Amino acid sequence: MFDAFPSTAETAVVAAVPCPDVAPASLAGPAASRLKRACDVVAAAALLVLFAPLLLLVAAAIRLESKGPALFRQRRTGLNGQVFQIYKLRTMTVAEDGAAVRQATAGDARVTRIGALLRKSSVDELPQLLNVLKGDMSMIGPRPHALAHDEFYGALLPAYAARFRARPGLTGQAQVTGHRGETRTINCMAKRVNADNAYIEGWSLLRDARIVAQTLLLLWRDPQAY
């Protein structure tokens, strides 16, 4: 979901530049809607119960295929710039969470055989339902990036930090409008940021429902899922 990240030397330089200050969430929009939050909790709880058997089976398969935990944790930036730990099923042989985090690319050798299936179907994202219950995330919102990527793109794109006005989501407007996956250029990330900010500024429950429907239609068919 990330781009071909710059070299370690470039990362070290950019990491020294903090992201722009994040203003507290406004009184309107997705961050303030109690109804949106209630929908998130109900949906996340119901889906966790539904998918619990699948998650247990997949976790066992991950442990059998390669060394390491089945659950992958990584720091991400959430509402108002607060850092939280995101949960995912491990799909790679590495678990990066530092100053340099290399984005997944097509044919990435780090992705396991089971991991490739999980990423294509987005099943690896299901543990984030726990993040939704905890209040770190929403079902719909801007996808959260690794902290190293926030530092890098926040220094280059003035509108980047405005994404933090809403809770990050399992899926979002950028993902259903062709801006998911590897961002090979800064312009690619700028388009993703614009889509995220447009979602926040034009948010409604109807828009959330449309994004859910579009996400379901893209499952297994999104060429950007790898």
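In case you missed it, the structure is sitting above this.
Residues numbered from 1 in each chain as written. Predicted model: local features only at pLDDT ≥ 70, side-chain atom pairs only at ≥ 80, totals over all residues. Heavy atoms only, no water.

1. Concerning the overall build of the protein chain
Assigned secondary structure in the protein chain consists of 8 helices and 4 strands. Each helix and strand of the protein chain, ordered N terminal to C terminal, gives the series α-α-β-β-α-α-β-α-β-α-α-α. Evaluated residue by residue, the protein chain yields a buried proportion of 47% over its 226 residues. Relative to all contacts within the protein chain whose residues are 6 or more apart in sequence, the contacts with residues 24 or more apart total 75%. Approximately 10,900 Å² of the protein chain is accessible, and the part contributed by carbon and sulfur atoms is 65%. (Helix = DSSP H or I, 4+ residues; strand = E, 2+ residues; numbered from the N terminus. Buried < 20%, exposed > 50% of the residue type's maximum accessible area, 1.4 Å probe, protein only. Contact = heavy atoms within 4.5 Å. Areas by Shrake-Rupley, 256 points an atom, 1.4 Å probe, with all protein chains shown as cover.)

2. A word on the pairing of strand 2 (residues 83-89)
Each regular strand carries side chains that alternate between the two faces of the sheet. Of all 7 residues in strand 2, 5 are buried; the element is thus mostly enclosed. Inspection of the sheet shows strand 1 (residues 71-77) paired to strand 2 by 7 bridges, in the antiparallel sense. Bridging from a neighbouring strand, T77 pairs with V83 of strand 2. Following strand 1, the chain reverses through 5 residues before pairing antiparallel with strand 2; N80 in that reversal takes a positive phi of roughly 60°. (Pairing = 2+ DSSP bridges.)

3. Focus: the pattern of salt bridges
Pairing is possible between side chains that carry opposite charge, provided their charged atoms lie close to one another. Counted according to the given criterion, the structure contains 8 salt bridges. One salt bridge connects E125 with K88, and the closest N-O pair in it is separated by 3.6 Å. Residue E125 is located in the loop between helix 3 (113-121) and helix 4 (128-134), and its partner K88 is located in strand 2; the two are separated by 37 residues in the primary sequence. A relative accessible area of 8% means that E125 is categorised as buried. (Salt bridge = Lys/Arg side-chain N within 4 Å of Asp/Glu carboxyl O.)

4. Looking at the nonpolar core
In this structure, L89 and L129 are the most contacted members of the largest nonpolar core, which totals 24 residues. Where this core is concerned, the elements lending two or more residues are helix 2 (34-65), strand 2, helix 4, strand 3 (138-140) and helix 7 (186-201). No other element matches the 5 residues that helix 2 contributes to this core. Look past the residues within four positions of L89 in its chain and what remains in contact with it is L55, V58, I62, A70, F72, L118, V123, D124 and P127. (Core = buried A, V, L, I, M, F, W, Y, C linked by side-chain atoms within 4.5 Å.)

5. A few points about the packing of helix 2 against helix 3
Viewed as axis vectors pointing N to C, helix 2 and helix 3 meet at an angle of 145°, and their least axial separation amounts to 9 Å. In this structure, helix 2 uses V58, A61, I62 and E65 to contact helix 3, whose residues at the interface are R113, I114, G115 and L118. Its residues assigned to classes, the contact of helix 2 with helix 3 comprises 5 nonpolar, 1 polar and 2 charged. (Axes fitted to C-alpha atoms, helices over the stretch in contact; angles between N-to-C directions. Nonpolar A, V, L, I, M, F, W, Y, C, P; charged D, E, K, R; others polar.)

6. Concerning the packing of aromatic side chains
Per the counting criterion, the structure on display carries 3 aromatic pairs. On the numbers, 6.4 Å between centres and 25° between planes, the contact of Y153 with Y160 is stacked. Classification of Y153 as buried rests on a relative accessible area of 0%. Owing to a relative accessible area of 0%, Y160 belongs among the buried residues under this scheme. Through a chain of ring-to-ring contacts, the aromatic side chains of F152, Y153, Y160 and F164 assemble into a single cluster. Positioned above the aromatic ring of Y160 is the side chain of R163, whose terminal nitrogen or guanidinium carbon lies 5.2 Å from the ring centre. (Phe/Tyr/Trp six-rings, centres within 6.5 Å; stacked < 30°, edge-to-face > 60°. Lys NZ or Arg CZ within 6 Å of the ring centre and 35° of its normal.)

7. Let's talk about the side chain of Q74
Topologically, Q74 is positioned in strand 1. Of the polar contacts made by the side chain of Q74, one reaches the side chain of R76; its length is 2.7 Å. (Polar contact = N/O pair within 3.5 Å; in protein donor to acceptor, adjacent residues only side chain to side chain.)

8. Quick look at a nonpolar patch on the surface
A contiguous nonpolar surface patch, about 500 Å² in accessible area, is contributed by L117, V212, L216, L219 and W220. For L219, a relative accessible area of 35% gives the class partly exposed. (Patch = residues over 30% accessible without salt bridge, like charges linked within 9 Å, V, L, I, M, F, W, Y side chains within 5 Å.)

9. Thoughts on the environment of L56
Position of L56 among the secondary structure elements: in helix 2. Expressed as a C-alpha distance, the spacing of L56 and A70, which sit 14 residues apart in the sequence, is 9.6 Å.

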